[in-house]
Each structure stands twice: as C-alpha cells, then as structure tokens.
Amino acid sequence: KTMRTFCKKCKKHTEVKVSQAAKGKASLFAQGKRRYDEKQAGYGGQTKPVFHKKAKTTKKIVLRLECADKKCKAQSLRALKRTKHIEFQAKSKK
C-alpha cells in the first residue's frame, strides 16, 4: 500500500510504499551472543537466567517506508503504538 509522507533523502513529501517491518536474523557474532555461547560451553547447565515473567501481549508495530521515487528508494522505519493486528487498506476513490 502507499501513502504520502516526508522523505528525508528527497527533502520533500513523496509517495511511499508501506509494509510491516520484520525482525532481522540474529547475528552469531554480536558481542552478547559470543559471550553467552562461551559461558554456556562445557559442563554446568544453564548459566544465565531464563525469562519467564512475560507481561506484554502485543508488540509495537513498526512500518517500513520506501520512497517510490525512481532515483531515491530510501527506506525508513516508523514505530506505531501497540496492537495485535494491523491492516493496510487501499485509499478509496471518491
């Protein structure tokens, strides 16, 4: 779906393609992951606390906005409020 909003690269309002942003694949080489894997290696079972007290039932929705200008194609992310479900609707012609 599309909407008109400000593009930082073009420095003006343009049509942007809107989609829901997905979480990226976790890197094996991030510092926290390397530290965790090193600590877990060998004998001794689970070494760090495993989180069980989950309170939230929803995640914040993040939109990926891609500029529709042929030369620009700049992408930006925009966070919305919490919701379980989001629907993109085409603008109705009146």
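A quick note: this is a predicted structure, and the numbers were derived from the prediction, not measured.

A.B. asks: Sorry if this is basic, but what is going on with the overall build of the protein here?
C.D. replies: The number of helices and strands found in the protein is one helix and four strands. Start at the N end of the protein and walk to the C end: the helices and strands fall as β-β-α-β-β. Taken over C-alpha atoms, the radius of gyration comes to 20 Å for the protein, far larger than the 12 Å a tight globule of 94 residues would show. Taken along its principal axes, the extent of the C-alpha atoms in the protein is 65 × 30 × 15 Å. Of all 94 residues assigned to the protein, the portion counted as buried reaches 13%.

A.B. asks: Any chance you could explain the side chain of threonine 58 here in plain terms?
C.D. replies: Secondary-structure assignment places threonine 58 in the loop between α1 (31-40) and β3 (59-67). Ignoring sequence-local partners within four residues, the contact set of threonine 58 consists of Arg82, Thr83 and Lys84.

A.B. asks: Where do I start with the pairing of strand β1 (residues 2-7) in this structure?
C.D. replies: On a regular strand, each side chain points to the face opposite its neighbour's, so the side chains alternate between the two faces of the sheet. Pairing of β1 with strand β2 (residues 12-20), which is carried by six bridges, proceeds in the antiparallel orientation. Each residue of the ladder has a partner; that of phenylalanine 6, found in β2, is histidine 13. A loop of four residues connects β1 with β2, the two strands running antiparallel in sequence, and lysine 11 in this loop sits at a positive phi of about 60 degrees.

The rules we used
- Residues numbered from 1 in each chain as written.
- Predicted model: local features only at pLDDT ≥ 70, side-chain atom pairs only at ≥ 80, totals over all residues.
- Heavy atoms only, no water.
- Helix = DSSP H or I, 4+ residues; strand = E, 2+ residues; numbered from the N terminus.
- Rg over C-alpha atoms; globule rule 2.2 N^0.38 Å.
- Buried < 20%, exposed > 50% of the residue type's maximum accessible area, 1.4 Å probe, protein only.
- Contact = heavy atoms within 4.5 Å.
- Pairing = 2+ DSSP bridges.

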